[in-house]
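Spelled out from the first residue to the last, the chains are:
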Amino acid sequence: MLRIENVDIFYGQAQVAFGLSLAVRPGQFVGLFGRNGSGKSSVFRAIMGLAPPRVSGSIKFKGAEITRKPSFTISKLGVGWVPEDRKIFPNISVWRNLQLGEKSAKDLPRGQKLFGYDDAYRFFPKLREMRDKLGSQMSGGEQQMLTIARTMMGNPALLLLDEPTEGLAPNIAKDVLKMILKIRGDFNTTTIVVEQFSEELLRHLDYCYVMEMGEIIFSGKPHVLLNDEHLQRRLLGVG
Ligand SMILES: Nc1ncnc2c1ncn2[C@@H]1O[C@H](COP(=O)(O)OP(=O)(O)OP(=O)(O)O)[C@@H](O)[C@H]1O
Ligand SMILES: [Mg+2]
């Protein structure tokens, strides 16, 4: 589904990622962990073809080279991105926000189960209640739910979630994670999720990567990371 090979990432003269390689197979749930500034979001920006940064190396999606292709092409091809700053449209209603996600949908292969308004409202009942409210009237947690639902309305083949629970109260963060897992359970959407570290999330992943200062310093099965207390302490910044 996605294959990143030997990717370097630069902002101006500054190199922030070094020789990254990473692969995601269809249906997989993959985690990318790392401390602040380790380069996680830059990897997503590189996949999405956003500039900055400048990217060298190879990024293939469904076998086709997408490196440096324009962002709208990449989203049309089926990559859905939920950025860390939750870009909802503040001055339009919740359902119009969802509609905009639907419009970004690519031509879907026949037979694929589609994520629609009913699903958005089923997974996120709060969105049904708030359907006619403006985006700006939503709390942080509600905005996060809306961003995820809106991205799912585009029926992505690959979903990129950048710190989906960051800055949320613990119980709201739990809800958001629960909904992500439910969506995964129902639609089996191939997903990469970025977090600083989350033991709870780790338990649901198929595979995980750890970045430090722009390099991948660990890749492997979740249970290996779960048992590596030293690496976990490094991720949490207490080691
Ligand atoms: N627009 C930019 N211009 C210059 N440098 C940048 C820019 N965006 C990020 N960087 C730098 O690139 C490096 C990686 O940043 P990135 O945002 O990818 O890290 P991150 O792992 O997502 O961090 P966080 O956990 O804080 O979100 C950092 O050193 C950061 O300062
Ligand atoms: Mg980030």
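Please refer to the structure placed before this passage.
Keep in mind that this is a model prediction, so the values were computed, not measured. (Residues numbered from 1 in each chain as written. Chains lettered and ligands numbered in written order. Predicted model: local features only at pLDDT ≥ 70, side-chain atom pairs only at ≥ 80, totals over all residues.)

**Student:** Please set out the overall build of the protein residue by residue, giving values where relevant.
**Tutor:** Secondary structure summary: the protein contains ten helices and ten strands in total. Expected size for 239 residues packed as a compact globule is a radius of gyration near 18 Å; at 17 Å, the protein falls within 12% of this value. The principal-axis extents of the C-alpha atoms in the protein amount to approximately 45 × 35 × 35 Å. Across the 239 residues in the protein, those meeting the buried criterion constitute 38%. Summarising the internal contacts of the protein: among those between residues at least 6 apart in sequence, 67% fall at separations of at least 24. (Helix = DSSP H or I, 4+ residues; strand = E, 2+ residues; numbered from the N terminus. Rg over C-alpha atoms; globule rule 2.2 N^0.38 Å. Buried ≥ 20, exposed ≤ 12 C-beta atoms within 10 Å, placed from the backbone. Contact = placed C-beta atoms within 7 Å.)

**Student:** Go over the nonpolar core, please, and point to the residues and values.
**Tutor:** Membership of the largest hydrophobic core comes to 60 residues, with the highest contact counts inside it found for Ala 149 and Leu 160. It is helix 6 (residues 140–153) that contributes the most residues to this core, six residues altogether. (Core = buried A, V, L, I, M, F, W, Y, C linked by C-beta atoms within 7 Å.)

**Student:** So what's going on with the packing of helix 6 against helix 7 (residues 170–187)? Which residues, and what values?
**Tutor:** At a closest axis distance of 10 Å, the pairing of helix 6 and helix 7 adopts a crossing angle of 15°. Regarding the angle of helix 6 to helix 7, the classification is roughly parallel. In this structure, helix 6 crosses over helix 7, and the sense of that crossing is right-handed. Along its contact with helix 6, which presents Gly 141, Gln 144, Met 145, Ile 148 and Met 152, the element helix 7 presents Ile 172, Val 176, Met 179, Ile 180 and Ile 183. Partitioned by chemical class, the residues of the contact of helix 6 with helix 7 number eight nonpolar, two polar and no charged. (Axes fitted to C-alpha atoms, helices over the stretch in contact; angles between N-to-C directions. Parallel < 35°, antiparallel > 145°, perpendicular 65-115°, else oblique. Left-handed = near helix turned anticlockwise from the far one by under 90°. Nonpolar A, V, L, I, M, F, W, Y, C, P; charged D, E, K, R; others polar.)

**Student:** How would you explain unusual backbone geometry if you had to name every residue and give the values?
**Tutor:** A cis amide bond links Ala 51 with the next residue in sequence, Pro 52, at an omega value of -5°. Within the secondary structure, Pro 52 sits in the loop between helix 1 (40–47) and strand 4 (54–61). One non-glycine residue, Asn 6, lies in the positive phi region at around 50°. Considering the arrangement of structural elements, one finds Asn 6 in strand 1 (residues 2–11). We classify Asn 6 as exposed; it has 11 C-beta atoms within 10 Å. Although it is not a glycine, Lys 62 sits at a positive phi angle of roughly 50°. Tracing the chain through its elements places Lys 62 in the loop between strand 4 and strand 5 (64–65). Assessed through the 14 C-beta atoms surrounding it within 10 Å, Lys 62 is described here as partly exposed.

**Student:** Give me the lowdown on the site of ligand 1, citing residues and values where you can.
**Tutor:** Surrounding ligand 1, one finds 13 residues, the nearest of these being Tyr 11, Val 16, Lys 40, Ser 41 and Ser 42. A total of three residues in the shell around ligand 1 trace back to one element, the largest contributor, which is helix 1. For the shell around ligand 1, the residue count by class is three nonpolar, eight polar and two charged. (Near = placed C-beta within 6 Å.)

**Student:** Please set out the pairing of strand 1 residue by residue, giving values where relevant.
**Tutor:** In the sheet, strand 1 pairs with strand 2 (residues 14–24) via seven bridges, with the strands oriented antiparallel. Bridged to Val 7 within strand 2 is Leu 20. Two strands pair when backbone bridges link them, and strand 1 and strand 4 are joined in this way by seven bridges, in the antiparallel orientation. The partner of Arg 3 across the bridge, within strand 4, is Lys 60. (Pairing = 2+ DSSP bridges.)

**Student:** With reference to specific residues and values, describe the sheet that holds strand 10 (residues 215–220).
**Tutor:** Spatially, the six strands line up as an open sheet ordered 6-7-8-3-9-10, and their pairing is mixed. Either end of the sheet is taken by a strand with one partner, and the two such strands are strand 6 (79–82) and strand 10. The average undirected angle you get between the axes of adjacent strands in this sheet is 15°.

**Student:** Any details on helix 1? Residues and values, ideally.
**Tutor:** Helix 1 sits mainly inside the fold: seven of its eight residues count as buried. Those residues of helix 1 that fall on the buried side of the exposure criterion are Lys 40, Ser 42, Val 43, Phe 44, Arg 45, Ala 46 and Ile 47. Of the residues one or two after helix 1, Gly 49 is the one with positive phi, at around 75°.

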